Amino acid sequence: MIITLDGPAGSGKSTVARRLADELGFRFLNTGAMYRAVGLLCERAGTDLSDGEACGRTAAAARLEQTGDRLSVDGEDWTELVRTPAAGAAASAVAVHPPVRAALVALQRKVGEAGDTVTEGRDQGTVVFPHAALKVFLTADAEARAERRRLELLAAGRDVPLAEVLAEVTGRDEKDERRAAAPLKPAADAVRYDTTDKPLEAVVADLVALARRRGA
């Protein structure tokens, strides 16, 4: 069974998907971390982030492995590295390229074929797993999403001003919604869920109940 959680930056996708997977005993797939890793790999290699073919080759060659909520890139743990604003900006730059998306979509589908999976991202229900048993589109006010992202950064030891995080979040929204390749939007059959004023436990409980009704 595949359950997809899509939505904009800071809507709670990763945290909710991780908890939902734990509750259901499913595998958790964080696709946003994959795009962040590819963006950083391109930067480290000195690749022009506007060069779609070059970035696509980097994506195809990268060894990305997820174990729980940890991400390994070419054998090195990048879990914390991909959570930085710089990684988010790099991800937004490379995610517009069809060669990058093709490489990572193939990898994501391979993971999904391995068993019951909760996957989160921006195109999981629309492109990667269009026949998923349950599709959820999470959203929240931009200010609430920025505050969540800021708290995540604080937990990782980075004190970033809220205004800076808000600018990063809204900028990412605009790029994701306007890109030609798999733009951010809810699938036609997705369940829309606003997390703005909802505590995490309530969100997870609601989605567990929904997943059970769909056969999980």
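The present account deals with the structure reproduced in this document. (Residues numbered from 1 in each chain as written. Predicted model: local features only at pLDDT ≥ 70, side-chain atom pairs only at ≥ 80, totals over all residues. Heavy atoms only, no water.)

### Comments concerning the sheet that holds strand β4 (residues 70-73)
We apply this condition: Two strands pair if DSSP finds at least two bridges between them. For the purposes of this entry, the term helix denotes a DSSP run of H or I that reaches at least four residues, the term strand denotes a run of E that reaches at least two, and both are numbered from the N terminus. Two residues form a contact once any of their heavy atoms are found within 4.5 Å. Every angle, taken between N-to-C directions, lies between 0 and 180 degrees, and every axis is a line fitted to C-alpha atoms, over only the stretch in contact when it is a helix.
The strand order β3-β4-β5 describes an open sheet built from three strands, whose pairing is antiparallel. Each having just a single partner strand, β3 (64-67) and β5 (76-77) make up the two edges of the open sheet. Relative to β4, β3 runs antiparallel, the two sharing four bridges. Looking at the pairing, Thr67 lines up with Arg70 of β4. Helix α2 (residues 31-44) contacts β3, β4 and β5 of the sheet and is inclined by roughly 145° relative to β3.

### Details of helix α9 (residues 200-213)
Here is the rule we go by: The span expected for a helix works out to 1.5 Å for each residue beyond the first. With a 1.4 Å probe rolled over the protein chains alone, any residue whose accessible area is under 20% of its type maximum counts as buried; one over 50% counts as exposed, and the rest are partly exposed. This arc is taken over the directions from the axis of the helix to the C-beta atoms.
Its 14 residues give α9 an end-to-end C-alpha distance of 20 Å, which sits within 8% of 20 Å, the value for a rise of 1.5 Å per residue. When α9 is considered as a whole, its buried residues turn out to be Val203, Val204, Leu207, Val208, Leu210 and Ala211. Down the axis of α9, the sector holding all buried residues measures 165°, keeping them to one side. Turned more than 90 degrees off the buried face of α9, the exposed positions are Glu201 and Arg213.

### Notes on the pairing of β4
Hairpin connection from β3 to β4: two residues lie between these consecutive antiparallel strands, with Gly68 at a positive phi of about 65°. Of the strand pairs in this sheet, β4 and β5 are connected by two bridges, and their pairing is antiparallel. When the bridges of β5 are listed, Ser72 appears paired with Asp77. Between β4 and β5, which pair antiparallel and follow one another directly, the connecting turn spans two residues, one of which, Asp74, has a positive phi of 50°.

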